[in-house]
Each structure stands twice: as structure tokens, then as C-alpha cells.
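As a plain string of letters, each chain reads:
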Amino acid sequence: MERRKFLKGAALGAGATALAAPAIAQDRKQLTIVSTWPRDFPGLGLSAQRLAKRIVEISDGHFNVEYFAAGERVGAFDVFDEVASGNSEAYIAADYYWVGKHPGFAYFTAVPFGMTTPEWNAWVKFAGGQELWDELSGEFGLKALTCGGTGAQAGGWFNKEMNSPDDFKGLKMRIPGLGGTVLSKLGASTVSLPGGQIYENLVSGAIEATEWVGPYNDYFMKFYEAAKYYYTGGMHEPGGGLAFGMNASWWGSLTDYEKAVLTAACMEENGAQPEEAAALNGQYLQKLINEHGVEARAFNEDIWDAFGDAAAEVFEETREHSALAAKINDHFQEKLREIGSWRAAAEVEFSQQRNRVLGMI
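So, here's what we can say about the structure. Please read all numbers here as calculations on a predicted model, not as lab measurements. (Residues numbered from 1 in each chain as written. Predicted model: local features only at pLDDT ≥ 70, side-chain atom pairs only at ≥ 80, totals over all residues. Heavy atoms only, no water.)

As for the overall build of the protein
Each helix and strand counted, the protein has twelve helices and twelve strands in total. A compact globule built from 361 residues should have a C-alpha radius of gyration of about 21 Å, and the protein, at 20 Å, falls within 12% of that. On the principal axes, the C-alpha backbone points of the protein span a range of 60 × 45 × 40 Å. When burial is assessed residue by residue, the protein has 53% of its 361 residues classed as buried. At a minimum sequence separation of 6, the contacts of the protein that also span at least 24 residues come to 78%. (Helix = DSSP H or I, 4+ residues; strand = E, 2+ residues; numbered from the N terminus. Rg over C-alpha atoms; globule rule 2.2 N^0.38 Å. Buried < 20%, exposed > 50% of the residue type's maximum accessible area, 1.4 Å probe, protein only. Contact = heavy atoms within 4.5 Å.)

Remarks on the sheet that holds strand 6 (residues 156-158)
Strands sit in the order 8-7-9-6-10-12 across an open sheet of six strands; the sheet is mixed. Two strands close off the open sheet at either side, each with one partner strand: strand 8 (189-191) and strand 12 (295-297). Of the strand pairs in this sheet, strand 7 (residues 172-174) and strand 8 are connected by three bridges, and their pairing is parallel. Paired with Met173 across the strands is Thr190, a residue of strand 8. (Pairing = 2+ DSSP bridges.)

Details of the side chain of Thr109
Along the chain, Thr109 falls in the loop between strand 4 (90-93) and helix 4 (117-126). On the basis of relative accessibility, which here comes to 1%, the residue Thr109 falls in the buried class. Reaching out from Thr109, the side chain makes a polar contact with the backbone nitrogen of Tyr96 at a distance of 2.9 Å. If we ignore the near neighbours within four places in the chain, the residues touching Thr109 are Ala94, Asp95, Tyr96, Trp120, Glu237, Gly239, Gly240 and Gly241. (Polar contact = N/O pair within 3.5 Å; in protein donor to acceptor, adjacent residues only side chain to side chain.)

Observations concerning the sheet that holds strand 1 (residues 17-18)
Across the sheet, six strands lie side by side as 1-3-2-4-11-5; this open sheet has mixed pairing. Each of the sheet's edge strands pairs with one partner strand only, and the pair in question is strand 1 and strand 5 (142-149). The pairing of strand 2 (residues 29-35) with strand 3 (residues 63-68) spans six bridges and is classified as parallel. Paired with Gln30 across the bridge in strand 3 is Asn64. Sheet strands in contact with helix 4 are strand 5 and strand 11 (241-247), and its direction is about 150 degrees off that of strand 5. (Axes fitted to C-alpha atoms, helices over the stretch in contact; angles between N-to-C directions.)

Re empty space enclosed by the protein
Per the stated rule, a full pass over the model turns up three cavities of 30 Å³ or more. The computed volume of the largest cavity comes to approximately 100 Å³. Lining the largest cavity are 15 residues, with Trp37, Leu44, Tyr96, Gln153 and Glu237 sitting closest to its centre. Looking at side-chain class alone, the lining of the largest cavity contains eight nonpolar, four polar and three charged residues. Looking at the second largest cavity, its volume works out to about 60 Å³. (1 Å grid on protein atoms, 1.4 Å probe; cavity = no way out; pocket = protein on both sides within 12 Å on 5 of 7 lines; lining within 4 Å. Points joined across faces, edges and corners; volume = space filled by probe spheres on them. Nonpolar A, V, L, I, M, F, W, Y, C, P; charged D, E, K, R; others polar.)

Considering the layout of surface pockets
Roughly 1400 Å³ of internal volume is contained in the largest pocket. Taken together, 37 residues form the lining of the largest pocket, with Ala152, Ser351, Arg354, Asn355 and Ile361 sitting closest to its centre. Among the elements of the structure, helix 4, helix 10 (256-292), strand 12 and helix 12 (323-358) are those that each provide at least two residues to the lining of the largest pocket. Ranked by the residues each element gives to the lining of the largest pocket, the list is headed by helix 10, at ten residues. Looking at side-chain class alone, the lining of the largest pocket contains 15 nonpolar, 16 polar and six charged residues.

Observations regarding helix 4
Within the span of helix 4, buried status applies to Thr117, Glu119, Trp120, Asn121, Trp123 and Val124. Elements in contact with the buried residues of helix 4: helix 5 (129-138), strand 5, strand 11, helix 10 and helix 12.

This is the structure:
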């Protein structure tokens, strides 16, 4: 895949994909989906397109789905207002893009030192997270379902080694959400850019570092052309959950069957996307190292401790925003410790000992 040609094609391919229906049903329901990802974007974009297709398949054509990638109907960061206003019925995005509207949205993608993908799914589905998401989204005329996850994300791409917290001072880095706020406290200059704009900004020097997802997604972005050092463990997104955000009035107008179809399709893709990433990340990390000379690194404990101190400040500031922000944060932190304690005692202990016994990195 040639990067520049890919992005050009993604930008110029404006126009919806009207997905073929296996049957023509009476009283079909129109569903226009707008996305924050470019068309055919490896990982995130393909996941969104797969979800749109499955809604048609599961409903046997009852839903007349039109899918618009970023820039085809509205800009990537305009999808929230597009759906809240009712101009389109749904978006597929990472809800932490909307922290400027309310910081509580960060918790429904990922926050620093937060939940891994299985922990986050447990919280949303079975420990009260969905109810808080409904309360927050409802204030903006939206209803959200989880529809994907990335697993633990990489710390990011840097054009220099990061040896101490001081190395972040003055660093221009693309990193959204509360993770970006953490790095700002360390002196970094952070920006939130849509995925389709990161490569050009990194190559031009407009930014000096970026995080994206993980080796599978990052390989196709060709960040290695501008940044040599790849930090493989990050504090900012231990499990990036994605949202299928719908206009709340439209959702309320649906039948139980229609709601069940959308919920089933979202839950199916919610499992498929992180599984795909888990299957491919190891393979693509080796390709980055062996084919492109990327140097994999890990942040040292001094940096991790600085991240932790800054994150504690960020959470307190988030709580001060509003009663709802404090409610979401406090519930999230309580359930993180409750859910995470058993995973630490069982799965983390097992994986550490397995890797030691088998000689794995």
C-alpha cells in the first residue's frame, strides 16, 4: 500500500457506500452512518465498514444503510454535531474526541492508567458504565453503544529517545483525550488530529511525535518514515473503546427488533476488532523492526511515575468540571480497582509467569 496514494484515494472517494441488501423488506429503515475514519483505513476504518455491512446482513435488508467515511459527508470531527442535530442517524468514532464538549466522554474511550479492553467492556456492559454513558450522551441528544476496541495501545512514535520526563518539554505531539492533557502537564504541546492528517503533519515537522493505535494499524500509516523510535507501552489508552453514537430521538423511534439488530451488530464488532488487533499486532511489530529498522523502546519508571503524578492532577481537574464528571470518574475508578484486582491476581500473574517460563519478551 502506497501511503500517499492511499490517503489521496481516501480523500477523493467522497460519496456514500449504499450497502447491498440481501432482501427488499417493506418499511425499510434509513440509517446514515458517518465515521471519523477514512475509507478503507486499515484497522479502524475497515472495522467501521464491516459493522455497517453487518447491520444490513443481520436485518436482512430492513436497514437501508449508507456509510460515509471521514470527509465524504462531514469532516471527521464534525460527526458528533451531525448526528446530534439529526442530519445523520449514527456515527462511528472514539468518544474521547468530544472532551471539549464534556470531559466525561473520555471515560467512554480510554483514560490514562485506566481500563484494558476486557475491563472496560465489563464495566460498560455489566457494572454500570452503560447507564452513565446514557446519562452523559443523553444530555447531547445521543445514545451510544460500544462497537469496537483496540486493546492496549502503543506509547507512540518519536523522533528521539525519551529518557526522562524532561524530554517531553516543548515536544509537539498528536495525542487526544485526557492522555494529551497529561503530557501537557509535562510541558508537551499536544494536538488532536484525525487519523487521515497525522502522517503529513509528522513528515512536515508540524508535530514531532504521535500516538495512533498499535503495530497492525500503525504499519500502514508509515510513521517509520519520519520517526524511528516506537514506544510499545503507553499510559494513555490501555484499551480504546469505540462508539456507535446514535441520535437519541431516532433510537427512541425504533422497534425492539430494530434495537436488537443494532445491538447485536455492535456487540459482534466489539469483539471482532480487538481480536483482529490481537491476532496481527505481534506480526506487524516484527515487520516494523525487521523490514524498516524501527527501534522498539519502553518508557522507564521515572517517566511512568511522572505520567502517574500528572494523571492524578488531571483526574482531580476533571472531577471539578461538574457533578456528572465527578460521578463518572469516581464510578470508573472504583470499578477499575474492583475489576482490575482479580485480573491482576489471575491473568496478569499467569501471563508474566508464562512469558518467563517460555522465554517470551
